[in-house]
Amino acid sequence: QVQLVESGGGLVQAGGSLRLSCAVSGRTFSTYAMGWFRQAPGKEREFVATISWSGSNTKYADSVKGRFTISRDYAKNTVYLQMNSLKPEDTAVYYCAADRDTVAVTATPDYWGQGTQVTVSS
């Protein structure tokens with residue numbers, strides 16, 4: 001059983017920054033990719049960013065390129081999403097995800113976190 005717990009969400013003004021954390025607990029027996037998705041009210045859940053097990057491969061949605069950075073800390077078993085230059089349209093619930101035996105999260109990850117709310121005011 002693998003558990004993902006997000007934290008770091010909150011309220012921030014447009015142009016500000018937040019760093020989301022995803023703490024990984026439980027036991028994993030294979031390499032896995034980590035990633036972030038988000039879902040705004042009335043919209044479908046969308047991909048935000050992903051990072052490979054090695055950390056050498058990262059991918060971002062076009063809407064966040066140049067503003068968001070995904071990283072991982074193996075010693076802390078934690079994945080981060082640094083969000084800079086936030087815009088009101090970034091407002092959403094952000095979900096951490098993990099996917100086994102792949103270099104990038106798929107549309108149907110093996111594990112999901114509970115989500116953390118990010119609200120960007122104008």
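It should be emphasised that the depicted structure is a prediction, and the values quoted were computed from it without experimental measurement.

Novice: Explanation requested: the pattern of salt bridges in the structure shown.
Specialist: Where charged atoms from two side chains of opposite charge come close, those side chains can pair. Within this structure, the stated rule accounts for five salt bridges. Here aspartate 90 makes a salt bridge to arginine 38, at a shortest N to O gap of 2.9 Å. Placement of the pair is aspartate 90 in the loop between β8 (78–83) and β9 (92–100) and arginine 38 in strand β4 (residues 32–39), with a sequence separation of 52 residues. With respect to class, aspartate 90 is no different from arginine 38; both count as buried. Residue arginine 67 is joined to aspartate 90 by a salt bridge in which the shortest nitrogen-to-oxygen separation is 2.8 Å. Highlighted residues: arginine 67 in the loop between β6 (58–60) and β7 (68–73) and aspartate 90 in the loop between β8 and β9, separated in sequence by 23 residues. Residue arginine 67 is classed as buried on the basis of its relative accessible area of 11%. Within this structure, Arg38, Glu46, Arg67 and Asp90 form a network of salt bridges that share partners.

Novice: What is the right way to look at the sheet that holds β7 in this model?
Specialist: Whether parallel or antiparallel, the strands of a sheet pair through hydrogen bonds between backbone atoms. Spatial ordering of the open sheet is given by β1-β3-β8-β7, a layout of four strands whose pairing is antiparallel. One side of each edge strand has no neighbouring strand; the edge strands of this open sheet are β1 (2–7) and β7. Ignoring strand direction, the axes of neighbouring strands in this sheet form an average angle of 15 degrees. Bridge count between β7 and β8: six bridges; the pairing is antiparallel.

Novice: It is not clear to me how the side chain of threonine 91 should be interpreted in this structure. Could you clarify?
Specialist: With respect to the element layout, threonine 91 can be found in the loop between β8 and β9. In this structure the side chain of threonine 91 is engaged in a polar contact, spanning 2.9 Å, whose partner is the backbone nitrogen of valine 120. What threonine 91 contacts, discounting residues up to four positions off in sequence, is Ala40, Gln117, Val118, Thr119 and Val120.

Novice: Looking at this model, I keep getting lost on the environment of arginine 38. Mind explaining?
Specialist: On the basis of relative accessible area, arginine 38 is assigned to the buried category, the value being 5%. As a C-alpha pair, arginine 38 and valine 120 span 82 residues in sequence and 14 Å in three-dimensional space. With residues up to four places along the chain from it excluded, the contact list for arginine 38 reads Glu44, Arg45, Glu46, Val48, Ser63, Val64, Phe68, Glu89, Asp90, Ala92, Val93 and Tyr94. Among the polar contacts listed, one links the side chain of arginine 38 to the side chain of tyrosine 94, at a separation of 2.9 Å.

Novice: Even after reading the chapter, I still don't get the pairing of strand β11 (residues 116–121), so can you show me in this structure?
Specialist: Each regular strand shows side chains that alternate between the opposite faces of the sheet. Where burial is concerned, the two faces of β11 differ: the one with Thr116, Val118 and Val120 is buried and the one with Gln117, Thr119 and Ser121 is not. Pairing of strand β2 (residues 10–13) with β11 involves four bridges; the strand directions are parallel. The partner of glutamine 13 across the bridge, within β11, is serine 121.

Novice: Looking at this model, I keep getting lost on unusual backbone geometry. Mind explaining?
Specialist: With the exception of glycine, most residues fall at negative phi, and the peptide bonds are largely trans. The residue serine 85 is not glycine, and still its phi comes out positive at about 50 degrees. Looking at the secondary structure, you find serine 85 in the loop between β8 and β9. Phi angles above zero are rare outside glycine, and aspartate 101 is one such case at about 55 degrees. When you line up the elements, aspartate 101 lands in the loop between β9 and β10 (111–112). By relative accessible area, aspartate 101 is classed as exposed at 59%.

What counts as what
Residues numbered from 1 in each chain as written. Predicted model: local features only at pLDDT ≥ 70, side-chain atom pairs only at ≥ 80, totals over all residues. Heavy atoms only, no water. Salt bridge = Lys/Arg side-chain N within 4 Å of Asp/Glu carboxyl O. Helix = DSSP H or I, 4+ residues; strand = E, 2+ residues; numbered from the N terminus. Buried < 20%, exposed > 50% of the residue type's maximum accessible area, 1.4 Å probe, protein only. Pairing = 2+ DSSP bridges. Axes fitted to C-alpha atoms, helices over the stretch in contact; angles between N-to-C directions. Polar contact = N/O pair within 3.5 Å; in protein donor to acceptor, adjacent residues only side chain to side chain. Contact = heavy atoms within 4.5 Å.

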